[in-house]
Amino acid sequence: MNENELTSNQNIQAVQDVVSVEEKQFELKQRKAMIYAKSSLVPKAYQNNVGNVLIAMNMAERLGADVLMVMQNLYIVHGNPAWSAKFNIACFNSCGRYSSIKYWMNDAKTECVARCTELATGEIIEGVTVSLAMAKAEGWSEKNNSKWKTLSELMLRYRAATFLIRSTAPEITMGLQTREEFDDTNTVTGTIIPKSTNLAAVMAAINDEPKKLLSMDELGGSMESNDAEQSGELFTSD
């Protein structure tokens, strides 16, 4: 065996060793995911769904967060993942690069600004001013069952913090919207469907009925499907 053949064999063996290690690591992750998927303590979107659990585990690893915490704060809304605002705030406050987020509100409680301090430089960072006028202009507070109507101060804080985090440390959000943003800014074209346990019947009704714009809450509340829950829970609610 000449030197070239020896080098080639060594390279092949090295690649095979790497593949073997990756396969073992993946098998270990699968076994862990199966345990989570069998637990009744995890949200329905992850119960008996190893694929969803593996994705949550990957996101938790990238964030350096607890897997169960990620699953409890990662919502699946019409197939789109979305964080809860409070989870993003918790991750930002504990990242170690910035002080905890503080909020300034005017006397009328109609405007809010989120602020923090960059620990390495002492620089004060201020986010976008969020107001009830903005919420009305953007249509956030005009939707049915909008929390802007009943919990306006909390929603101001959540949105102000979200803007600050997205502009200062976007890696924390991983490019995902918050559940609150998704509820505020998305509508679905379709019709209100009676409660059904058959996903095929629901889809047929959607195709046959006249279409109109619905809010996420209206459509999510009108549809309960066992098939949908088993495949990853198309609609979630708090």
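Residues numbered from 1 in each chain as written. Predicted model: local features only at pLDDT ≥ 70, side-chain atom pairs only at ≥ 80, totals over all residues. Heavy atoms only, no water.

1. Structural notes on the packing of helix α4 (residues 85-93) against helix α6 (residues 152-168)
Between two packed helices, what matters for the description is the angle formed by their axes and the separation of those axes. Contact geometry of α4 with α6 gives a least axis separation of 10 Å together with a crossing angle of 50 degrees. Between α4 and α6, the crossing angle belongs to the class labelled oblique. α6 is crossed by α4, and the crossing has left-handed handedness. The segment α4 lies against α6, with A85, K86, N88, I89 and F92 engaging Y158, A161, T162, I165 and T168. (Axes fitted to C-alpha atoms, helices over the stretch in contact; angles between N-to-C directions. Helix = DSSP H or I, 4+ residues; strand = E, 2+ residues; numbered from the N terminus. Parallel < 35°, antiparallel > 145°, perpendicular 65-115°, else oblique. Left-handed = near helix turned anticlockwise from the far one by under 90°. Contact = heavy atoms within 4.5 Å.)

2. What about the environment of E180?
As for its position among the elements, E180 is in helix α7 (residues 179-185). What E180 contacts, discounting residues up to four positions off in sequence, is W83, S84, A85, M155, Y158 and R159.

3. Some points on helix α2 (residues 50-63)
With 14 residues, α2 should cover 20 Å at 1.5 Å per step; its first-to-last C-alpha distance of 20 Å lies within 8% of that length. Considered for burial, the residues of α2 that qualify are N52, V53, L54, A56, M57, M59 and A60. G64 lies just past α2 and shows a positive phi near 70 degrees. (Expected span 1.5 Å × (residues − 1). Buried < 20%, exposed > 50% of the residue type's maximum accessible area, 1.4 Å probe, protein only.)

4. With respect to the pattern of salt bridges
Scanning all chains against the criterion turns up seven salt bridges. Here R159 makes a salt bridge to D184, at a shortest N to O gap of 2.6 Å. Highlighted residues: R159 in helix α6 and D184 in helix α7, separated in sequence by 25 residues. No difference in accessibility class separates R159 from D184, as the two residues are buried. (Salt bridge = Lys/Arg side-chain N within 4 Å of Asp/Glu carboxyl O.)

5. A closer look at the pairing of strand β2 (residues 80-83)
Taken together, the four bridges between strand β1 (residues 74-77) and β2 define a ladder with antiparallel strand orientation. Note that in β2 the partner of I76 across the bridge is P81. Linking β1 to β2, which pair antiparallel, is a turn of two residues; within it H78 sits at a positive phi near 50 degrees. (Pairing = 2+ DSSP bridges.)

6. Let's talk about the nonpolar core
Grouped together as the largest cluster of nonpolar side chains are 43 residues, with contacts concentrated most on Y46, F92 and I101. Only α1 (3-37), α2, α3 (67-73), β1, α4, β4 (111-117) and α6 provide two or more residues apiece to this core. Top element by residues in this core is α6. It accounts for seven residues. Beyond its immediate sequence surroundings of up to four residues, Y46 is in contact with A37, N52, V53, A56, M71 and L74. (Core = buried A, V, L, I, M, F, W, Y, C linked by side-chain atoms within 4.5 Å.)

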